[in-house]
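Here is what each chain is made of, one letter per residue.
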Amino acid sequence: MTKGSVQVTHTGTARWRRRTAVYTTVTEALAAAADGDVLVLGPGTYRENLVIEQSVTLRGPSEAKDGPARIAPPDGVPLTVRGSATVQHLRIEGQDTASPAVLIENSTPELTGLQVHAASASGIEVRGGARPTVRQSVVSNPTGAGISVGDGAGGLFEECEVVEAGQPGVSVRGPAHLRLERCRITRSSGAGLSVTGEGSAVDAVGCRVEEIRGAGVVLAERATAHLTECAVGATTGDGITLDSEAVLTLTDSRLTGIPENALDLRGRSVLTLVRTAISGFGRNGLSVWDPGTHADAHDCEIHESAGDYPAVWVSDGATAVLESCRVHHVPDALFVLDAGSRADVVDSRIEEVRGSAVSVSDGATAQLDACRIQDVGTGAWFRDEGSGGTVTGCTVEGARTGFIVTKGADPQVSDSTVSGPAEAGVYVSAGGRGRFSRCRVTGSSGYGFHIIDGCRTELERCRTERCSRGGYVFAEDSPVLTDCQSDETTAPGADVRLKAGEAARRTAREAAGSEKSVQATAPPEPEPADGGRPADEVLAELETLVGLATVKREVRALIDMIEVGRRRRQAGLKAASVRRHLVFTGSPGTGKTTVARLYGEILASLGVLDRGHLVEVSRVDLVGEHIGSTAIRTQEAFERARGGVLFIDEAYALSPEDAGRDFGREAIDTLVKLMEDHREAVVVIVAGYTAEMERFLAVNPGVASRFSRTITFGDYSPEELLSILEQQASEHEYDLGEGTRDALLKYFTAMDRGPSFGNGRAARQTFEAMVERHAGRVARLAEPSTEELSVMHPADLPPLR
């Protein structure tokens, strides 16, 4: 056979036709061929534009050592197939950027072993209803798409490779339906696999999409795809992107080495994820956005994040379901944000999470059923107004805090257990609510249920065991307890303020100088100092506080130094620099927040601060979920306090003894820099238990150097507690009957002064309990006298717990 020639074997029976013939061009051979004929191309280069319309076989040399048969015209389409032909072992070289290298139209050919090396619009284009079968072929097209399918076409590509493409490696435009089996797409731009348009669909089995300059897989505009046993990785963009009502089922697959989102869904798209592993992602493993967008994951694993973002992100009204999944070794596991957003997590495991296992905010909801959460920062954090959901039958082990509820959030948690938390089993603050039924906290290094800021949380049939700082520790208004138990000697909720009428409760708080804190979200604007009270009036109020002799002396000395310094500067003299930042140490309920508020007012009246308002925060308000967010929160709190006092309660929680990768350090570093850069703008007061604050200052010399002095608030004596109660009784027009003062003094002397002792709060709670018991006694009288309506007796004292 002559080099560069074509041998044609005819299969027809007409005698006038020779059985075999040799032609010098492929075009001439095709003109002579009929259906069923076999055309064998010799090695060489054919500068022809081939068009096959018959059902013939066209193949290159059978021996690779002989060299390829190259179809390489100077322009146009090198190979067009419009018949049910068989094409084998050819090298196709296209040079026309406006045309494909191989065009398949209106036919069902079989193509095997093609080597398509082109600088064309696409390497292989299938259109016009064609349904080819393409096997073991390689496409390289640095200027355009690798494989393009559209216009009602489809077909099967088996064991094929797109090794380079300047556009998507495989592009399917609706209506079209393509099947890929054991194919590899690599070094493409824009996307590895792109499926767009209504009626477009792809079935892929055992395929690999990797080293993509862009997203691995893109589905949009109502496209659908089923990917089974596929691998997507080493992209520069998202792993898989769905938009505009696209639908994808991903089964037994793997996504890894994705610098952005491994899976990103938007625009009412739907994803079903089965037995798929996602790892090494730089942003979210799974992100779901927009109303109507939904992801359903079953028996999947999301792990080993390469970035600092949540593994699963659900927002803007989207929904997601994780069933029998495992999420581990990530900064945060699941974030659900925005009204209408919802996540259901069923029979799943969330482990080794630096931040929150589940975070719910901005009106979103989450439902957790039969989940195991282990070795995390926070088990579940319900953050703000409208946020909530249900937690049923879950366990949280080895967390800093099991459940956090803040700022109006209202979840329902039942039949769940928190074991070995470092700080608290349940922490509720800043107006959070929540209902906890049949829940158990055991082995806490801190608190069991720690509820502050007057949060009206409901606890029903809950139990605490071996909680170092107390099983049930409450502040401000009482939660509602029903049939709760504890292994402590005092009954659960013994330090809870017992409920009186709401009006009496409000007035009692005001009379006792109840602390009013500015919350971290949507705080009210503080009133300016203009027209505020003079310093003498505020100092007089300080003096009216019961006890606190040492505190009053320290504050007066500090104010005197500031005032004299101000006057010396007015006189043109040098004034000693007085650092106004303070450390308050002592037990809860000793008036630290009240004194901080008055201190701010005094500084404002002296002109040292612009407004003198108080912004009260704690760790939960400053520490974020990932790197960077803590600095933002701390800066926001500092800005809210500008011109006033930033009061950080339980500041030692920012620096736990076993900090590890705790983000509290970021809050401290940010705060120290802000205090240095804005020395005159804000007064910072850090407060907490005496021993813990000593440790906090010892391990943070940068913080300790910013504070001028430490003021210690001692516990109230029984006599001082009696004085606080008498003040409240007088304000509410109650009198203490004969023997009542002696009974109260004995009552306060016998009161348990363990870690949960509330000091002034204990006096207020006792008064409210007496008001309730007095009301219950007098209400049974037909016509009580004025004395009976106003005098409380020893019988009105509540039982000592």
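A quick note: this is a predicted structure, and the numbers were derived from the prediction, not measured.

**Student:** Before we go on, may I ask you to explain the overall build of the protein chain in this structure?
**Tutor:** When helices and strands are counted, the protein chain shows 14 helices and 65 strands. Looking at the protein chain residue by residue over its 801 residues, the buried ones come to 57%. The long-range share in the protein chain, meaning contacts at least 24 apart out of those at least 6 apart in sequence, stands at 52%.

**Student:** Help me understand the pattern of salt bridges in this model?
**Tutor:** Where charged atoms from two side chains of opposite charge come close, those side chains can pair. Here the structure, examined in full by the defined rule, presents 40 salt bridges. Note that Glu-351 is salt-bridged to Arg-349, the shortest N-O span being 3.0 Å. For Arg-349, a relative accessible area of 37% corresponds to the partly exposed category.

**Student:** What am I meant to see in the sheet that holds strand β63 (residues 709–713) here?
**Tutor:** One key point about sheets: their strands pair by backbone hydrogen bonds, in either a parallel or an antiparallel sense. Strand order in this open sheet of 5 strands is β60-β61-β62-β59-β63, and the pairing throughout is parallel. Edge strands, defined here as strands with exactly one partner in the open sheet, are β60 (614–617) and β63. Shown here is a sheet whose adjacent strand axes are inclined to one another by a mean of 20°, direction ignored. Sheet topology note: the strand β59 (residues 582–586)/strand β62 (residues 683–688) ladder contains 4 bridges and is parallel. Within the sheet, the bridge partner assigned to Thr-585 lies in β62 and is Gly-688. Together, β59 and β63 form the strand contacts of helix α4 (residues 549–570), whose direction differs from that of β63 by roughly 155°.

**Student:** Just checking my understanding: could you explain empty space enclosed by the protein for this structure?
**Tutor:** If you roll a probe as big as a water molecule over the atoms, it shows you where there is empty space left. All told, the structure shown has 5 cavities of 30 Å³ or more when counted by the stated rule. Of the pockets and cavities examined, the second largest cavity occupies roughly 50 Å³. In terms of lining residues, the second largest cavity is bounded by Leu-180, Cys-183, Ile-185, Leu-193, Ala-204, Cys-207, Val-209, Val-217, Leu-227 and Cys-230. Residue composition of the lining of the second largest cavity, grouped by class: 10 nonpolar, no polar and no charged.

**Student:** Looking at this structure, I do not really get the packing of aromatic side chains. What am I missing?
**Tutor:** By convention here, two paired aromatic rings are described through the distance between centres and the angle between planes. As enumerated under the stated definition, the model contains 10 aromatic pairs in all. Pairing Phe-403 with Phe-436 gives two aromatic rings, centres 6.3 Å apart and planes at 65°, and the pair type is edge-to-face. With Phe-403 in strand β47 (residues 401–406) and Phe-436 in strand β51 (residues 435–437), this residue pair connects regions lying 33 residues apart in the sequence. Both residues of the pair, Phe-403 and Phe-436, count as buried.

**Student:** Looking at this structure, I do not really get the packing of helix α11 (residues 718–731) against helix α13 (residues 760–778). What am I missing?
**Tutor:** If you want to describe how two helices pack, look at the angle between their axes and the distance between the axes. Interaxial distance between α11 and α13 falls to 9 Å at its minimum, and their mutual angle equals 45°. The orientation of α11 with respect to α13, classified from their angle, is oblique. As α11 packs across α13, the resulting crossing turns out to be right-handed. Here Leu-721, Ile-724, Leu-725, Gln-728 and Ala-729 of α11 come into contact with α13, specifically with Gly-760, Ala-763, Arg-764, Thr-766, Phe-767 and Met-770. Looking at the contact of α11 with α13 residue by residue, the classes come out as 7 nonpolar, 3 polar and 1 charged.

**Student:** What's the story with the packing of helix α3 (residues 535–544) against helix α5 (residues 592–605) in this structure? I'm lost.
**Tutor:** It is the contact of α3 with α5, at a shortest axis distance of 9 Å, that shows an interaxial angle of 165°. It follows from the interaxial angle that α3 and α5 lie roughly antiparallel. Like other packed secondary-structure pairs, α3 and α5 cross with a definite hand, here left-handed. On α5, the residues that touch Ala-535, Val-538, Leu-539, Glu-541 and Leu-542 of α3 are Val-595, Arg-597, Leu-598, Glu-601, Ile-602 and Ser-605. Of the residues assigned to the contact of α3 with α5, the class counts are 7 nonpolar, 1 polar and 3 charged.

**Student:** So what exactly am I meant to see when it comes to unusual backbone geometry here?
**Tutor:** Of all residues except glycine, most have a negative phi; of all peptide bonds, most are trans. The amide bond that connects Gly-174 to the next residue, Pro-175, takes the cis arrangement and shows omega of -5°. Assignment of secondary structure puts Pro-175 in the loop between β20 (170–173) and β21 (176–181). The backbone phi angle of Arg-222 is positive, close to 65°, even though this residue is not glycine. Position of Arg-222 relative to the elements: it lies in the loop between β25 (208–220) and β26 (224–228). According to the relative accessible area criterion, Arg-222 is partly exposed, its value standing at 40%. Residues other than glycine seldom take positive phi values, yet Glu-650 does so here, at roughly 50°. The residue Glu-650 is located in the loop between β61 (645–648) and α8 (664–677) in this model. Overall, the relative accessible area of 18% leaves Glu-650 in the buried class.

**Student:** What exactly am I supposed to notice about the environment of Leu-248 here?
**Tutor:** Note that Leu-248 resides in strand β29 (residues 247–251). Leave out the neighbours within four places in its chain, and Leu-248 touches Leu-219, Ala-225, Leu-227, Ile-240, Leu-242, Val-270, Leu-271 and Thr-272.

**Student:** What am I meant to see in α5 here?
**Tutor:** Working note: α-helix, 3.6 residues per turn, so residues spaced by three or four point in the same direction. If you check α5, its first and last C-alpha atoms are 20 Å apart, about what 14 residues at 1.5 Å a residue would give, namely 20 Å. Burial within α5 is extensive, with 11 of its 14 residues counted as buried. Every buried residue of α5 is listed here: Lys-592, Thr-593, Thr-594, Val-595, Ala-596, Leu-598, Tyr-599, Gly-600, Ile-602, Leu-603 and Ala-604. Once α5 ends, the next one or two residues include Gly-607, with phi positive near 80°.

**Student:** Even after reading the chapter, I still don't get the pairing of strand β16 (residues 138–141), so can you show me in this structure?
**Tutor:** Consecutive side chains along a regular strand alternate between the two faces of the sheet. Side chains of β16 alternate between two faces, with Val-138 and Ser-140 and Val-139 and Asn-141 buried alike. Of the strand pairs in this sheet, strand β13 (residues 115–118) and β16 are connected by 3 bridges, and their pairing is parallel. The residue of β16 that forms the bridge with His-117 is Ser-140. Summarising the sheet, β16 and strand β19 (residues 161–165) pair through 4 bridges and their orientation is parallel. Within β19, the position partnered with Ser-140 by the bridge is Glu-164.

**Student:** How should I be thinking about the pairing of β29 in this particular structure?
**Tutor:** In terms of burial, β29 is a largely internal element, 4 of the 5 residues being buried. Of the pairings in the sheet, the one linking β26 to β29 comprises 5 bridges and is parallel in character. Along β29, the bridge assignment pairs Thr-224 with Val-247. Across 5 bridges, the pairing between β29 and strand β32 (residues 270–274) is parallel. Each residue of the ladder has a partner; that of Thr-251, found in β32, is Val-274.

**Student:** Looking at this model, I keep getting lost on helix α12 (residues 740–750). Mind explaining?
**Tutor:** Taken residue by residue, α12 has Thr-740, Leu-744, Tyr-747 and Phe-748 as its buried positions. One side of α12 holds all its buried residues, which, seen down the axis, span an arc of 90°. Residues of α12 that are exposed and point more than 90 degrees away from the buried face comprise Asp-742, Lys-746 and Thr-749.

**Student:** Teacher, can you tell me more about the confidence of the model for the protein chain here?
**Tutor:** Low-pLDDT portions of the prediction should not be read for the details of their coordinates. Scored by pLDDT, the protein chain comes out at a mean of 86, with 89% of its residues at no less than 70. The model gives residues 495–530 a pLDDT under 50, and that stretch makes 76 contacts with residues more than four places away or in other chains.

**Student:** Looking at this model, I keep getting lost on the nonpolar core. Mind explaining?
**Tutor:** The tendency in soluble globular proteins is for nonpolar side chains to be buried side by side. Counting 133 residues, the largest nonpolar core has Phe-157, Leu-263, Phe-436 and Phe-449 as its most contacted members. Counting residues per element, this core draws most heavily on strand β42 (residues 349–361), which supplies 5 residues. Non-local contacts of Phe-436, meaning those with residues more than four positions away in its chain, are made with Phe-403, Val-405, Val-413, Val-426, Phe-449, Thr-457, Glu-458, Leu-459, Glu-460 and Cys-462. Formed by 49 residues, the second largest nonpolar core is a distinct cluster that contains Val-595, Leu-725, Val-771 and Met-792.

Cut-offs and rules
Residues numbered from 1 in each chain as written. Predicted model: local features only at pLDDT ≥ 70, side-chain atom pairs only at ≥ 80, totals over all residues. Heavy atoms only, no water. Helix = DSSP H or I, 4+ residues; strand = E, 2+ residues; numbered from the N terminus. Buried < 20%, exposed > 50% of the residue type's maximum accessible area, 1.4 Å probe, protein only. Contact = heavy atoms within 4.5 Å. Salt bridge = Lys/Arg side-chain N within 4 Å of Asp/Glu carboxyl O. Pairing = 2+ DSSP bridges. Axes fitted to C-alpha atoms, helices over the stretch in contact; angles between N-to-C directions. 1 Å grid on protein atoms, 1.4 Å probe; cavity = no way out; pocket = protein on both sides within 12 Å on 5 of 7 lines; lining within 4 Å. Points joined across faces, edges and corners; volume = space filled by probe spheres on them. Nonpolar A, V, L, I, M, F, W, Y, C, P; charged D, E, K, R; others polar. Phe/Tyr/Trp six-rings, centres within 6.5 Å; stacked < 30°, edge-to-face > 60°. Parallel < 35°, antiparallel > 145°, perpendicular 65-115°, else oblique. Left-handed = near helix turned anticlockwise from the far one by under 90°. Expected span 1.5 Å × (residues − 1). Arc of directions from axis to C-beta. pLDDT = per-residue confidence, 0-100. Core = buried A, V, L, I, M, F, W, Y, C linked by side-chain atoms within 4.5 Å.

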